[in-house]
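Descriptive structure summary
Listed here are the chains, written in short residue letters.
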Amino acid sequence: MSEIRRFLEPGLVVLVSSAFKGERNIMTLGWHTVMESTPSLVGCVIASGNHSFSLVSGARECVINVPTVDLARAVAAIGNCSGAEVRALQADRATGRARQGAADRRVLRLL
């Protein structure tokens, strides 16, 4: 059963970017489907505990970005962090405080 995800998630991973009241975020998304072709309608799942949820809900819109293969490492790094973490890392970098974790260094390279 632990391997079942590879059969349920065979589709393309996309990046969903959102913005609301001056705050921006980008997240990876694997649960999406085309629901209608005319007019174009895409269904996706963004859990309420996800940082992007409040931004998408507030703005009532988002952008679905289809990454190219050369962005694979960036997509993986984005998928392995939270927008809340990245904001904290940006603040630390702006104030000169350094974090030492490997995940922190990976995210900082993307900023």
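Here, every reference points to the structure presented above.
Residues numbered from 1 in each chain as written. Predicted model: local features only at pLDDT ≥ 70, side-chain atom pairs only at ≥ 80, totals over all residues. Heavy atoms only, no water.

1. A closer look at a nonpolar patch on the surface
A contiguous nonpolar patch, built from Val-34, Val-42 and Ile-64 and spanning about 250 Å² of accessible area, is present on the exposed surface. Turning to its location among the elements, Val-42 is positioned in strand β4 (residues 41-44). (Patch = residues over 30% accessible without salt bridge, like charges linked within 9 Å, V, L, I, M, F, W, Y side chains within 5 Å. Areas by Shrake-Rupley, 256 points an atom, 1.4 Å probe, with all protein chains shown as cover. Salt bridge = Lys/Arg side-chain N within 4 Å of Asp/Glu carboxyl O. Helix = DSSP H or I, 4+ residues; strand = E, 2+ residues; numbered from the N terminus.)

2. Some thoughts on the sheet that holds strand β1 (residues 14-20)
Reading across the sheet, the 3 strands line up as β2-β1-β5 and stay open at both edges, with antiparallel pairing between neighbours. The open sheet has two free edges, formed respectively by β2 (23-29) and β5 (63-65), since each of these has just one partner strand. Here the average twist between neighbouring strands, direction ignored, is 25°. The pairing of β1 with β2 spans 7 bridges and is antiparallel. Bridge pairing in β2 links Phe-20 to Glu-23. (Pairing = 2+ DSSP bridges. Axes fitted to C-alpha atoms, helices over the stretch in contact; angles between N-to-C directions.)

3. So, helix α3 (residues 72-79)
Within the span of α3, buried status applies to Ala-74, Val-75, Ala-77 and Ile-78. The arc enclosing the buried residues of α3, seen along the axis, measures out at 165°, which places them on a common side. (Buried < 20%, exposed > 50% of the residue type's maximum accessible area, 1.4 Å probe, protein only. Arc of directions from axis to C-beta.)

4. Some words on unusual backbone geometry
Here the residue pair Thr-38 and Pro-39 is connected by a cis peptide bond, since its omega of -5° sits within 30 degrees of zero. Tracing the chain through its elements places Pro-39 in the loop between β3 (32-36) and β4. Located in the positive-phi region is Lys-21, a residue other than glycine, with phi close to 50°. The residue Lys-21 is located in the loop between β1 and β2 in this model. Looking at Lys-21, the relative accessible area reads 76%, which means it is exposed. Although it is not a glycine, Arg-60 adopts a positive phi angle of roughly 60°. Inspection of the secondary structure puts Arg-60 in the loop between α2 (51-59) and β5.

5. Brief notes about the nonpolar core
Ranked by size, the top nonpolar core spans 6 residues in total: Val-14, Val-16, Met-27, Leu-29, Ile-46 and Val-56. Contributions of two or more residues to this core are made by β1 and β2. When near neighbours in sequence (up to four residues on either side) are disregarded, Val-16 contacts Asn-25, Ile-26, Met-27, Leu-29, Ile-46, Cys-62, Val-63 and Asn-65. (Core = buried A, V, L, I, M, F, W, Y, C linked by side-chain atoms within 4.5 Å. Contact = heavy atoms within 4.5 Å.)

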